[in-house]
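Chain and residue survey
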Amino acid sequence: MANSTDITGLILAGGKSTRMGGLDKALLPLNGRPMIEWVIDRFRPQVDSLILNCNSHEAALAALGYPIIIDVIAGYPGPLAGLHAGITCANTELLACVPCDVPLLPSDMVVRLHQALTTTKADIAVARTSSGLQPTFLLCRCTLGPSIEDFLAGGRRVFWHWLTRQRYVEVAFADEAAFSNINTPQDMERIAFSLTACRT
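In short, a report on the structure.

Reading the values: rules and limits
- Residues numbered from 1 in each chain as written.
- Predicted model: local features only at pLDDT ≥ 70, side-chain atom pairs only at ≥ 80, totals over all residues.
- Heavy atoms only, no water.
- Helix = DSSP H or I, 4+ residues; strand = E, 2+ residues; numbered from the N terminus.
- Rg over C-alpha atoms; globule rule 2.2 N^0.38 Å.
- Buried < 20%, exposed > 50% of the residue type's maximum accessible area, 1.4 Å probe, protein only.
- Contact = heavy atoms within 4.5 Å.
- Areas by Shrake-Rupley, 256 points an atom, 1.4 Å probe, with all protein chains shown as cover.
- Arc of directions from axis to C-beta.
- Core = buried A, V, L, I, M, F, W, Y, C linked by side-chain atoms within 4.5 Å.

**Let's talk about the overall build of the protein**
Within the protein, the secondary structure is distributed over seven helices and nine strands. Here the C-alpha atoms of the protein give a radius of gyration of 16 Å, agreeing with the 16 Å that 2.2 N^0.38 yields for 200 residues. Its C-alpha atoms put the protein at 40 × 35 × 30 Å along the principal axes. Classification of the 200 residues of the protein by burial places 50% in the buried group. Sequence separation of at least 24 residues holds for 70% of the intrachain contacts in the protein that already meet a minimum separation of 6. Only carbon and sulfur atoms are counted for the fraction: they give 54% of the accessible area of the protein, which is about 9,400 Å².

**A closer look at helix α5 (residues 145–153)**
Of the residues making up α5, those classed as buried are G145, I148, F151 and L152. The buried residues of α5 all sit within an arc of 130° when viewed along its axis, so they share a single face. Within α5, the exposed residues directed more than 90 degrees away from the buried face are D150 and A153. Its buried side turned inward, α5 meets α3 (79–89) and α6 (159–163). Note on α5: the residue one or two positions beyond its end, G155, has a positive phi of about 85°.

**What to know about the nonpolar core**
I11, I36, F43, V98, M109 and F137 are the most contacted members of the largest nonpolar core, which has 34 residues in total. Going through the elements one at a time, β1 (3–13), α1 (35–43), β4 (49–54), β6 (92–99), α4 (109–118), β7 (124–129), β8 (132–141) and β9 (168–172) are the ones with two or more residues in this core. If you tally residues by element for this core, the top one is α4, at five residues. Setting aside residues up to four positions removed in sequence, F137 forms contacts with C97, V98, P99, V102, L105, M109, L113, A125, V126, A127 and F179. Counting residues in each nonpolar core, the second largest holds 25 residues, with A81, C97, I124 and L144 among its members.

Okay, structure coming up:
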């Protein structure tokens, strides 16, 4: 039976990293460590258990010490398939999700999303910044698997389009930089500098 109070954490690392030359983004070195380790440092204390979604380099990611799950839905349909895989294997009623390329992730994200979710009738609490919704930063109920399956089966795959068909509540975060992800070498340099500045 699913635990109604614990939260499973899911880090999405299942993409093709085409904007980084096909290299596995999660494992790219950032200030001397694989990028995903920076995300784990921020995210792991916020959840009760952690799983990693990937579709390649499983052994390298498994060496980090967390369960690895691959997409159940074939064809690389994007982060929605990763969320679906996480929901499928979670043994909790709630799942928190973040991408693998956000080393400045807010340290209070999950608790704020949880507060919003449990005080509304929503099925999803999602982060919002001044630039708009951040759809892959969310806390959701693990009853949403069939909704994702139906959406993807219809040939659709845009995360935001699926999200807006659900009952969701937005949670505003003021720090835009905390949600900065890495898609280019220039992004790597910028966030590496930010991490160094945080330590000094």
